[in-house]
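Spelled out from the first residue to the last, the chains are:
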Amino acid sequence: MLRNYFKITLRVFLKNRLFTAINVLGLAIGITAYMLITQYVNFESNYDNYHPQVDNLYRVTYNHTYGRKDFVGVAANHPAVGPALKQDFTEVESFARLVERPIVMRRAFVLSYTRNNGTRIKSNVNDDKVYFADNAFLNMFRVNLLKGDPDVALKEPNSIIISEEVAKRFFGNEDPINKNLIANNNMPIKILGVFEKLPDNTHLKFDILVSFSTLSPNTDTTWVWPEFYNYVRLKPGTDPKVLESKFPSFTNKYLSEIMEEYNFKTKFELQPVKDIHLKSHLRNEIEANASEGTLNFLRIIGLFVILIALINFINLSTAKSVERAMEVGLKKVVGISKKALIGQFLFESVIINFLATLIAILLVSLLIKPFNQLVGLNILSMDMWLDYHIWIQLIGLVLLGGILAGAYPAFILSGFKPIQVLKGKFHQSGQGVLMRKILVVAQFSISIALIAGTFIVNSQFSFMQDQELGYDVEHNLIVNAPTIIDTTITHKMMAFKNELLRNPKINSIATTDEIPGRKITKYNTARQLHIRKGEGVRCSQLSINHDFLETYKIKLLTGRNFRLADKSLYDYNGSQEKGKGKIMINKAASKKIGFLTIEEALGKQIIVDRDGKEHRVEIIGVMDDYHQESLRNDFDPIVFFYFDFFASSYLTINLNTSDIQSTIAIIENKFESFFPLDPFNYFFLEEHFNKQYQADLKFSKICNLFAILAIFIATLGLFGLGSYMAMRRTKELCVRKVLGASKPHVLFLIPKSLLVLVFVSGLIAIPVTHFIASEWLTNYAFRVSMNLWMFIAPLLLVTVVALISVLPESLRVTLVKPANYLRNE
Amino acid sequence: MLLQIKDLFKWVNSGGNRIFLLNDIELTVNEGDFISIMGPSGSGKTTLLNVIGMLDDFNEGEYSFLHEPVHKLKEKHRANLYKEYIGFVFQSYHLIDELTVYENIETPLLYKNYKSSERKSLVADMLDRFNIVGKKDLFPTQLSGGQQQIVGIARALISNPKLILADEPTGNLNSKQGEEIMNLFKQLNDEGVTIIQVTHSEKNATYGSRIINLLDGRIINTV
Ligand SMILES: Nc1ncnc2c1ncn2[C@@H]1O[C@H](COP(=O)(O)OP(=O)(O)O)[C@@H](O)[C@H]1O
Ligand SMILES: [Mg+2]
């Protein structure tokens, strides 16, 4: 039986080469797209799954009502939380804290090493991701130490572990273990470990970990510094809900005093580590997390693509059934059972699916590199074929797809009445026609939705990139500020700047402690004098100098800029009476602090918290808002301080030349002669800022890719379907010709009926897409307004593709001689 | 004289051999004729009818229709000619399944730019004439074979042709239905419509005024 099936299948394929090729190719591309999406989705949803006992691993998050009415969730918590939890609850097996370097050491510093051959390697910590971490971190999270002992590597103060890459940078081929890096030329830091490159799918990404014990011992008992990520591992079998229910009394025990003083509430929660990447959208996330919605969206696209391919297959096979009707009629007359016939068709269908899957496996293997490059992640590798899940999926797909997609044509075909078929009089049942129309409408709808969706994603993306940021992003070069400095730095800096400014290619140089392109890490509350303590509003705090406005070309709206004399007027003791300190704010801060107009804010004294103290300061100027972060986020309310140079990490150099390279060389030269111990490292502000769009870029690329694939598959199907429609209606068209229809009329009959289907699809797809896209756009504070074109264009595109794909067949039918088709049999 | 065919040949080439489908046809048809073409299967009856109806071309010879030299005309002109003067009736009716009886009959008018009101009254006349008013909203598959052929004839007549070409119009009908159709043709012929039909039935041939016998693409005698 099977051999017979096989023989016939082979003959059918050879006889219908084009049809078989379209079918196999369409399915293969569909399966390829589906596999790529599945791999991507798996990658995203398996974030942090590889840590030991990951099911018992939690992050302790901090929810509070400080300076607001309702709770806000913060990913970071106080440094004292971990130790206190371990002490108070037996369920807590171990804890580890992680804190970003700029939080605990505002000023950047330089690490250096002098190799055996005398070369001195130096690098600014600004250029690496540096965290302070408890030693337990190495036990709780999987960080593979290539060298060093995970039990002690981060125990002692001033010990660090570094990534392979950092090790290579400093040590080349030397063995880094137990060697010292020199921080700021005077403090040795011992390397006790080198870790293997971290996988891409973890929310914890770092180049250097410094032992937590390096920080002041007071840190362990600090309850007013919610900037530390606290992770705990619970004893196996612990119900996190039960432990959470004990947290209120725990927070009361340690935080009641401060909560009363500032009049706010707190709530701690346990957040499974493996949920962080997709489900956590708190303040102070360690990195921007993905959204589950986006992932679900991709899952749907994956299903759609495979659906389109299967619909193609169904449509094409049913279409082909007309031609094969003859064969069926003959077989039935000869007495082959209906069952055997269905068997034959299903067999063919499964074989086609099987061939398609083989090609898909080949395609995916070939696409490993380009796909990884496209998304900028190592998602695909040959190793994926070692995972049996993928094979189960594929086998399921072959069988299910083959049988489901084969069943419809099989039953249609085997149901033909032999006599009718032999007479060449083959009527399609009305139901069959309707069914196929529904399938085609489904396909068109999906295609239109995909194109429109992609179009909107792309528009939003280019909108964000094209939008004015409110400052000069193009001509600014960023250089790490010198870190190895002494009391002469102010003069040295002045001299350095003056020398550079003598060069006409350099406009101005600003010093700041942050640059646009990421969230300002320093923030605290600010309030007007009459507002109670604890009811201030959160504002970011940025240290700048008087060159900031000019360098960034930010507009001063009212008041005046900082001047040298304003420097160091702050009252570091926090005595509230003085109020001599001067600050500037931006428009957003003016509004948030509660001034009705910026003019009202000017000259007002406000109270700003900073470094645990209250400062009464005067607003001397209000500047225009600018985009500190990507346009995903709203304007950041910012309070600007003019501290001494010690507070700055970056130099922003405004250039007015196209001769960038030689100017950089000049700057480098000067920098090295003034600050020989600091490494010179530069980057362009624009590049740096655009890094924020990497996730968006990735998403839009993936959408583009799959929309193109979907359209391609749908086109293949349309091409086949167009042939089918033309074939099915050949007789009718010939009759019409005989009745006097002109050639153009006949030519456009089929395209016209297809157009109707396209418009029905548009009616379905456009509202749905509009709804989903509006939802998606709410993720962005600054978004494109959707316009009609975003929907009309995809509709037109699909229309054109549909027309082009049926035109050849229509043309053929138009040109046939009716005499050949209207002979009486 | 409605049409005249002189020394007409039609052939196909098959494997180096020239196979004649129509061989040296001479035929004159006058207005008001009722001609029956007879002959064994494969003798070229349908081919001849298609040539007369200008649905098919020929290789050699002359064919003039209402004094227009068909063999010299451009295709468009030829199409206009048959559109205007010829109605076709087929053995398997060739109604359009997706259209109702009414719409099927109306179709030829659509291609001749009749106004909607004109179309309405012409179709209504036709429905009346063939007694199928009650069936106007049915689809072809809902009708019996005889009824379908009546619709087919109605459709052929709607644009008031001078010539009706009918290829085995009763081939798929029982004898009673066939008789009905033949009476209809007789009546039409009496009203002045020229008819050329292909038939296998001697009885049906007697309705006509003249019989042409075909064998292997040749006319063997004219009665
Ligand atoms: N286009 C064609 N090419 C080759 N052979 C044809 C073509 N058209 C008709 N024939 C052949 O010509 C012969 C006459 O066909 P036809 O006119 O249909 O005969 P009839 O209608 O008398 O049965 C048949 O043998 C048929 O196979
Ligand atoms: Mg015939």
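K.L.:
Got a minute to help me understand the overall build of chain A in this structure?
P.N.:
Assigned secondary structure in chain A consists of 25 helices and 24 strands. Its C-alpha atoms give chain A principal-axis dimensions of roughly 110 × 60 × 55 Å. Looking at chain A as a whole, 55% of its 825 residues qualify as buried. Long-range pairs, those at least 24 residues apart, make up 80% of the contacts in chain A with a sequence separation of at least 6. Just so you have it, chain A exposes about 36200 Å², and 59% of that area is on carbon and sulfur atoms. Measuring between centres, the 91 positive side-chain charges of chain A sit 12 Å from its 75 negative side-chain charges.

K.L.:
When you look at the overall build of chain B in this model, what are you seeing that I'm missing?
P.N.:
In terms of regular secondary structure, chain B is built from seven helices and 10 strands. Taken over the C-alpha trace, chain B has a radius of gyration of 18 Å; the compact-globule value for 223 residues is 17 Å, and the two agree within 12%. Across its three principal axes, chain B shows a C-alpha extent of roughly 55 × 40 × 35 Å. Long-range contacts, defined here as pairs at least 24 residues apart, represent 71% of the contacts in chain B between residues at least 6 apart. Carbon and sulfur atoms make up 45% of the accessible area of chain B, which totals about 10200 Å². On chain B, the mean spot of the 23 positive side-chain charges and the mean spot of the 28 negative ones are 3 Å from each other.

K.L.:
What exactly am I supposed to notice about the pairing of strand β11 (residues 208-211) of chain A here?
P.N.:
Consecutive side chains of a regular strand alternate in pointing toward one face of the sheet and then the other. Residue and element names in this part refer to chain A. Judged by which residues are buried, β11 turns out to be covered on both faces: I208 and V210 on one side and L209 and S211 on the other are all buried. Summarising the sheet, strand β6 (residues 130-133) and β11 pair through four bridges and their orientation is parallel. Paired with F132 across the two strands is V210, which belongs to β11. Two elements, strand β8 (residues 159-163) and β11, share three bridges in a ladder whose sense is antiparallel. The residue of β11 that forms the bridge with I162 is I208.

K.L.:
Even after reading the chapter, I still don't get the pairing of strand β6 (residues 86-89) of chain B, so can you show me in this structure?
P.N.:
All names here are of chain B. Where burial is concerned, the two faces of β6 agree: the one with I86 and F88 and the one with G87 and V89 are both buried. In this structure, β6 lies alongside strand β7 (residues 163-167), joined through four bridges in parallel fashion. What sits directly across from V89, in β7, is A166.

K.L.:
What should I look at first to understand the side chain of S445 of chain A in this one?
P.N.:
Residue and element names in this part refer to chain A. Counting through the fold element by element, S445 comes out in helix α14 (residues 430-466). Within the structure, the side chain of S445 is placed 2.7 Å from the backbone oxygen of V441, a separation counted as a polar contact. What S445 contacts, discounting residues up to four positions off in sequence, is S761, I764 and A765.

K.L.:
Would you mind going over the pattern of salt bridges with me for this structure?
P.N.:
A side chain with one charge may pair with a side chain of the opposite charge, provided their charged atoms come close. Inspection of every chain in the model, using the stated rule, returns 39 salt bridges over all chains. For D55 of chain A, the salt bridge is made with K274 of chain A, and the minimal N-O distance between the two is 2.7 Å. Here the residue D55 of chain A occupies a position in the loop between α2 (17-45) and β1 (57-64), and K274 of chain A occupies one in the loop between β13 (266-272) and α9 (276-279), the gap between them amounting to 219 residues. Its relative accessible area of 31% is what places K274 of chain A among the partly exposed residues. Its salt-bridge partner being D56 of chain B, residue K10 of chain B comes within 3.4 Å of it at the nearest N-O pair. Of this pair, K10 of chain B sits in strand β1 (residues 3-14) while D56 of chain B sits in the loop between α1 (45-52) and β4 (60-65), and the two are 46 residues apart along the sequence. Here K10 of chain B and D56 of chain B have matching classes, each one buried. Residues participating in the shared-partner salt-bridge network are K817 of chain A together with K10, D56 and D57 of chain B.

K.L.:
I would appreciate a short explanation of a nonpolar patch on the surface in the present structure.
P.N.:
A surface patch of nonpolar side chains, amounting to about 330 Å² of accessible area, comprises F354, L355, L358 and I359 of chain A. Turning to its location among the elements, L355 of chain A is positioned in helix α11 (residues 338-375).

K.L.:
Whenever I open this one, the packing of aromatic side chains confuses me. Can you help?
P.N.:
The description of an aromatic ring pair uses the distance of the two centres, along with the angle that the planes make with each other. Residues and elements named next belong to chain A. Taken as a whole, this structure holds 49 aromatic pairs over all chains when the rule is applied. Grouping aromatic residues by their ring pairs yields a cluster made of F461, Y471, F548, Y552, Y626, F640, F689 and Y693. Taking the ring centre of F71 as reference, the NZ or CZ of K267 above it sits at 4.5 Å. Sitting above the plane of the Y523 ring, R538 keeps its charged end 3.6 Å from the centroid.

K.L.:
Just checking my understanding: could you explain the interface of chain B and chain A for this structure?
P.N.:
Much of the literature gives interface size as the accessible area that the parts lose upon coming together. Contact residues are listed per partner, giving 25 residues for chain B and 19 residues for chain A. In total, about 2000 Å² of surface goes out of reach between chain B and chain A, with carbon and sulfur atoms giving 52% of it. Of all residues in chain B, the largest losses of buried area upon contact with chain A belong to L55, H94 and Y111 of chain B, amounting jointly to 30% of the total for that side. On inspection of chain B and its partner chain A, the count reaches three salt bridges. Summed over the shared surface of chain B and chain A, the result is seven residue pairs in polar contact (both at pLDDT 80 or more). Those elements that place two or more of their residues in the side of chain B that touches chain A are α1, α2 (75-85) and α3 (101-110) of chain B. Residues of the side of chain B that touches chain A, tallied by class, amount to nine nonpolar, eight polar and eight charged.

K.L.:
Quick question: what am I supposed to make of the domain arrangement of chain A here?
P.N.:
Residue and element names in this part refer to chain A. Taken domain by domain, chain A holds domain 1 (1-50 + 292-427), domain 2 (66-264), domain 3 (451-468 + 689-825) and domain 4 (476-688). On the domain 3 side, the residues contacting the 30 residues of domain 1 number 22 residues. Between domain 1 and domain 3, roughly 2200 Å² of surface is buried when both sides are summed, and carbon and sulfur atoms account for 84% of that area. The interface formed by domain 1 and domain 3 contains one salt bridge.

K.L.:
How do you make sense of unusual backbone geometry when you look at a structure like this?
P.N.:
Note: most residues except glycine have negative phi, and most peptide bonds are trans. Phi angles above zero are rare outside glycine, and N284 of chain A is one such case at about 55°. On the secondary structure map, N284 of chain A appears in the loop between α9 and α10 (292-334). Residue D7 of chain B is not a glycine yet carries a positive backbone phi of 45°. Residue position: D7 of chain B is located in strand β1.

K.L.:
How should I be thinking about the side chain of S64 of chain B in this particular structure?
P.N.:
Tracing the backbone through its elements, the reader meets S64 of chain B in strand β4. Each residue touching S64 of chain B, except ones within four places of it in the same chain, is listed here: L2, L3, Q4, P69 and V70 of chain B.

K.L.:
Please explain the sheet that holds strand β15 (residues 506-512) of chain A as it appears in this structure.
P.N.:
Pairing between sheet strands relies on hydrogen bonds along the backbone, with the strands arranged either parallel or antiparallel. Residue and element names in this part refer to chain A. The sheet built from four strands is open, its strands ordered β15-β23-β14-β24 with antiparallel pairing. Every other strand in the sheet has two partners, leaving β15 and β24 (682-684) as the edge strands with one partner each. Looking at each pair of strands side by side, their axes are set apart by 25° on average, direction ignored. Taken together, the three bridges between strand β14 (residues 476-480) and β24 define a ladder with antiparallel strand orientation. By the bridge assignment, V479 is partnered in β24 with Y682. Lying on the sheet, helix α15 (residues 489-501) is in contact with β15 and β23 (650-655); it crosses β15 at an angle near 155°.

K.L.:
I keep staring at the environment of F95 of chain A and nothing clicks. Help me out?
P.N.:
All names here are of chain A. Tracing the chain through its elements places F95 in strand β3 (residues 92-100). Distance in space between the C-alpha atoms of F95 and P248 is 19 Å, their sequence separation being 153 residues. Every residue in contact with F95, bar those within four places of it in the chain, is listed here: G82, P83, K86, D134, A136, M140, Y231 and V232.

K.L.:
Would you take a moment to explain the packing of helix α3 (residues 81-88) of chain A against helix α8 (residues 247-262) of chain A for this structure?
P.N.:
Packed helices, taken two at a time, are described by their axes: the angle between them and the distance between them. Residue and element names in this part refer to chain A. In contact at an axis separation of 12 Å, α3 and α8 are set at 120° when each is read in the N-to-C sense. Judged on the interaxial angle alone, α8 and α3 are oblique. The two elements α3 and α8 meet at a crossing, and its hand is right-handed. Facing α3, whose interface residues are V81, A84, L85, Q87 and D88, α8 presents F247, F250, K253 and Y254.

What counts and what doesn't
- Residues numbered from 1 in each chain as written.
- Chains lettered and ligands numbered in written order.
- Predicted model: local features only at pLDDT ≥ 70, side-chain atom pairs only at ≥ 80, totals over all residues.
- Heavy atoms only, no water.
- Helix = DSSP H or I, 4+ residues; strand = E, 2+ residues; numbered from the N terminus.
- Buried < 20%, exposed > 50% of the residue type's maximum accessible area, 1.4 Å probe, protein only.
- Contact = heavy atoms within 4.5 Å.
- Areas by Shrake-Rupley, 256 points an atom, 1.4 Å probe, with all protein chains shown as cover.
- Lys, Arg positive; Asp, Glu negative; His and termini not counted.
- Charge placed at Lys NZ, Arg CZ, Asp CG, Glu CD.
- Rg over C-alpha atoms; globule rule 2.2 N^0.38 Å.
- Pairing = 2+ DSSP bridges.
- Polar contact = N/O pair within 3.5 Å; in protein donor to acceptor, adjacent residues only side chain to side chain.
- Salt bridge = Lys/Arg side-chain N within 4 Å of Asp/Glu carboxyl O.
- Patch = residues over 30% accessible without salt bridge, like charges linked within 9 Å, V, L, I, M, F, W, Y side chains within 5 Å.
- Phe/Tyr/Trp six-rings, centres within 6.5 Å; stacked < 30°, edge-to-face > 60°.
- Lys NZ or Arg CZ within 6 Å of the ring centre and 35° of its normal.
- Buried area = accessible area lost by both parts, 1.4 Å probe.
- Nonpolar A, V, L, I, M, F, W, Y, C, P; charged D, E, K, R; others polar.
- Domains from an automatic or database assignment.
- Axes fitted to C-alpha atoms, helices over the stretch in contact; angles between N-to-C directions.
- Parallel < 35°, antiparallel > 145°, perpendicular 65-115°, else oblique.
- Left-handed = near helix turned anticlockwise from the far one by under 90°.

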